[in-house]
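Secondary and tertiary structure notes
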Protein chains: 2
Amino acid sequence: MSLIKTLSQNAAIAAQTLAVLDEQVKNTILLDMARALRAHSDEIIKANKLDLANAESANMGSAMLDRLTLNNDRIESMAAGIETVASLPDPVGIQRDLGDRPNGLSIRKMRVPLGVVCMIYEARPNVTADAGALCFKSGNAVILRGGKEALHSSKMIASILQKVLEVYQLPPALITVVPDPDRALMMELMQQREYIDVIIPRGGEGLINFVTDNSKVPVIQHFKGVCHLYVDKDADLEIAMALLLNGKTQRTGVCNALEGLIVHQDIATAFLPKVAQALAEHKVRINACQQAKSYFDACNVMNDDDFGQEYLDLEIAIKQVDDFDGAINHIRRFGSHHTEVICTQNDVTAARFQRTVDASVVMVNASSRFSDGSELGLGAEIGIATSKLHAYGPMGLESLTTEKYLVSGVGQVRA
Amino acid sequence: MSLIKTLSQNAAIAAQTLAVLDEQVKNTILLDMARALRAHSDEIIKANKLDLANAESANMGSAMLDRLTLNNDRIESMAAGIETVASLPDPVGIQRDLGDRPNGLSIRKMRVPLGVVCMIYEARPNVTADAGALCFKSGNAVILRGGKEALHSSKMIASILQKVLEVYQLPPALITVVPDPDRALMMELMQQREYIDVIIPRGGEGLINFVTDNSKVPVIQHFKGVCHLYVDKDADLEIAMALLLNGKTQRTGVCNALEGLIVHQDIATAFLPKVAQALAEHKVRINACQQAKSYFDACNVMNDDDFGQEYLDLEIAIKQVDDFDGAINHIRRFGSHHTEVICTQNDVTAARFQRTVDASVVMVNASSRFSDGSELGLGAEIGIATSKLHAYGPMGLESLTTEKYLVSGVGQVRA
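My aim in this report is to walk through the structure given alongside it, one point at a time. (Residues numbered from 1 in each chain as written. Chains lettered and ligands numbered in written order. Predicted model: local features only at pLDDT ≥ 70, side-chain atom pairs only at ≥ 80, totals over all residues. Heavy atoms only, no water.)

Considering the overall build of chain A
Along its length, chain A carries 13 helices and 16 strands. A compact globule built from 415 residues should have a C-alpha radius of gyration of about 22 Å, and chain A, at 24 Å, falls within 12% of that. Each of the three principal axes of chain A carries a C-alpha extent, and together these read 70 × 70 × 35 Å. Considering only residue pairs separated by 6 or more positions, chain A has 72% of its internal contacts joining residues 24 or more positions apart. As presented, chain A carries roughly 16100 Å² of accessible surface, and 48% of it is formed by carbon and sulfur atoms. Between the averaged position of the 40 positive side-chain charges in chain A and that of its 50 negative side-chain charges there is a distance of 5 Å. (Helix = DSSP H or I, 4+ residues; strand = E, 2+ residues; numbered from the N terminus. Rg over C-alpha atoms; globule rule 2.2 N^0.38 Å. Contact = heavy atoms within 4.5 Å. Areas by Shrake-Rupley, 256 points an atom, 1.4 Å probe, with all protein chains shown as cover. Lys, Arg positive; Asp, Glu negative; His and termini not counted. Charge placed at Lys NZ, Arg CZ, Asp CG, Glu CD.)

In structure tokens form, the structure reads like this:
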């Protein structure tokens, strides 16, 4: 059997043991994993130095180098992350009652692990620990296929976690690092429908599309984040300004940053001059529609087809609309099903917005920057889904499980 | 734009209107659809005669001919099915509270439609009405790609349903029949990731595999049903016999029929002679393992690798095991994640079986034949998933929805 088929099959077999492990045992093991990462931080940093040396000789950019770098603080933060996962409630085994049938059969559903989760990602060695812990807690084996840039670091982190598994007589295949970043092997991984239950790619749009196009295993995707703030005619304009500045300027390179501002025409004259001043102070480049352009000194004028860009920078698109429906239509056309925000003091309008807008997170009077697993109370997140099947939005432990039916009777047969 | 892209895009646009339609309006429309099918039964039967004539000249087999045939009784049953769907609770809009965050943000989840559901199926014209009603009630547009055998019937049924939509000023694209069964068009349909949210193929294993291998849209699969009854050492043997006979002989060509019997060695001498007699009376062919063969007069002796077949006929595989773990291991190796049954009076053993066995439906003291959407109380079913992502087991209305996050604040921003 090939390397990839063997490791996939081993993960699937290992997952059977983990699926029925008690929550307390899993938590004890997770706490041991956190301790082990701290105890072996020197070895992790040593392995990471090999990756960094390779990266420098390959002229890696500084942002990517930064993401790749591990130090004591970052190892401490990985360990603390695993402790957080240990403290989260275990979704596995949770039952919900669907009631009794007229023939006396009792019907329930029980949460169970998916089985084998495969992560495909780029140069972030911390994903190895984060995804390892989340998958373990939710009863899943994980196959980690990281980029070649972080391979030494990932292998070292995984081997430390595996040694903890061995202490508890659990198979190391529960946390498997694909040892060779060859693309042909990744292609083979994406064919293992028999053993792998889901692939979660994390990285740029190119990687996501490549996996989606080539995988025979189901994929949960996170495409881009083109998030809008709609300032309604009934908005509190001070709140609107706070949401705008926080969403656009607090951090720009992230998927939950604001990329578009939509303004109701009734408050445009009151709000847009302030917007022009505040965004100028923050050096935000303006792309404005025909109706809004006059409020801005220097701006790029947008035609109707120009909207929908993910700037990931100090840059924003501004659209004035006639009414609520205009805002909804703009979001339908240019949103990316990630996060959409309304600012309004009108509860009916707010409820209508939350019901109507098709995005994984729909907010009222809150910054789009809260669209994140830990901010929403999931404790940790394995990714954010912008496709709808299985999960939609930030994915926590529950997203790594499914439900089976339990039927209990006293000998009923079908007539 | 091509035919397929156009109809997919139209379905996606139409779905936006339906997503926010009130439950009562949807129910009124569904009841009108049921009435319309009854009122136009002559036209449906006329269209069906065209399909039947083609089928006869193509020498279609009698089982398939039977499935294709529509008469007044079957149209009545389609109409009654739509009325049942109208009576089911609407999952769309249901909220669950995830609590408040320390910063005061309130977090909820709300059920929303998937968007556009595509059914790919063979010669069953009733799927057009059943899937049409289920998707409509759950707020989804549906694209129906049936086999060429039933095309006249499907088109007629869809056009009757569409006329009802038009009365309520709803777009007919909510229920779209692909007008041409050409395979190249089906291939194109499976590439419409931008517009179609899920494909549910229904039919033989060949069709399912073809769709899974070629679709760029996520697929929910129903592979085969290799269902087992495990008769534990603490079983009530009368109940065990009733479950065996019902599971194996009540209807054989269905996915929830029993294909395997597993017997604990401690009750083999008490149970297997009765099994031999009863199955002989029902003319069930026996395939038995080395340990069990001596109980049967005429049987095919099975080696360890021979198990796991889906007979869909009066034929069964019988395996004697040393203990509970032997049963679990046999199911792990040869089960198909569909339905597994234990017969036991021991509650601890029963609970352990339900927790451990990885199948979409795990039963205690009940016939596998109950593994069906309407028997489990879903009212109607769109399919049975044996893959785990998004849905696992019989899929009702809830399976045609997903959940988005709702976040409500008073102007909170991220620090």
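Still more ground to cover, so stick around.
Here's the deal with the interface of chain A and chain B
Between chain A and chain B, the contact holds 74 residues from the first and 73 residues from the second. Three residues, Arg355, Tyr405 and Arg414 of chain A, lead the burial of chain A against chain B; their summed loss comes to 15% of the area buried on that side. Run the count over chain A and chain B and you get six salt bridges. Here Glu398 of chain A and Arg96 of chain B are joined by a salt bridge, their closest N and O atoms 2.8 Å apart. Here chain A is connected to chain B by 56 residue pairs in polar contact (both at pLDDT 80 or more). Those elements giving two or more residues to the side of chain A that touches chain B turn out to be helix H1 (3–19), strand S2 (106–113), helix H9 (205–214), helix H10 (237–249), helix H13 (347–356), strand S13 (361–366), strand S15 (393–395) and strand S16 (401–412) of chain A. (Buried area = accessible area lost by both parts, 1.4 Å probe. Salt bridge = Lys/Arg side-chain N within 4 Å of Asp/Glu carboxyl O. Polar contact = N/O pair within 3.5 Å; in protein donor to acceptor, adjacent residues only side chain to side chain.)

Describing the sheet that holds strand S6 (residues 198–202) of chain A
Think of a sheet as strands paired side by side through backbone hydrogen bonds, with each pair either parallel or antiparallel. Residues and elements named next belong to chain A. Spatially, S5-S4-S3-S6 is the arrangement adopted by the four strands of the open sheet, whose pairing is parallel. Strand pairing shows two members of the sheet lacking a second neighbour, strand S5 (175–177) and S6, which therefore form its edges. Each strand axis lies, on average, 20° off the axis of its neighbour in the sheet, ignoring direction. Summarising the sheet, strand S4 (residues 141–145) and S5 pair through three bridges and their orientation is parallel. Bridge assignment links Leu144 to a residue of S5, and that residue is Val177. (Pairing = 2+ DSSP bridges. Axes fitted to C-alpha atoms, helices over the stretch in contact; angles between N-to-C directions.)

Things to note about the sheet that holds strand S11 (residues 315–321) of chain A
Strand order in the open sheet made by the ten strands is S10(A)-S9(A)-S11(A)-S8(A)-S7(A)-S12(A)-S13(A)-S16(B)-S2(B)-S1(B), with mixed pairing throughout. Strands with a single pairing partner mark the edges of an open sheet, and in this sheet they are strand S10 (300–302) of chain A together with strand S1 (95–100) of chain B. For this sheet, the mean inter-axis angle between neighbouring strands, taken without regard to orientation, is 25°.

Examining empty space enclosed by the protein
A full pass over the atoms with the stated rule returns four cavities of 30 Å³ or more. Here the largest cavity is characterised by a volume of approximately 260 Å³. Lining the largest cavity we find 18 residues, and of these Val217, Pro218 and Val219 of chain A together with Pro218 and Val219 of chain B sit closest to its centre. Partitioning the lining of the largest cavity into residue classes produces nine nonpolar, seven polar and two charged. Within this model, the second largest cavity holds a volume of roughly 70 Å³. Considering the residues around the second largest cavity, the lining is formed by 14 residues, among which His228, Glu259, Gly260, Phe307 and Ala317 of chain B are closest to the centre. Among the secondary structure elements, those contributing two or more residues to the lining of the second largest cavity are strand S8 (258–264) and strand S11 (315–321) of chain B. Each residue belonging to the lining of the second largest cavity can be placed in one class, and the counts come to seven nonpolar, five polar and two charged. (1 Å grid on protein atoms, 1.4 Å probe; cavity = no way out; pocket = protein on both sides within 12 Å on 5 of 7 lines; lining within 4 Å. Points joined across faces, edges and corners; volume = space filled by probe spheres on them. Nonpolar A, V, L, I, M, F, W, Y, C, P; charged D, E, K, R; others polar.)

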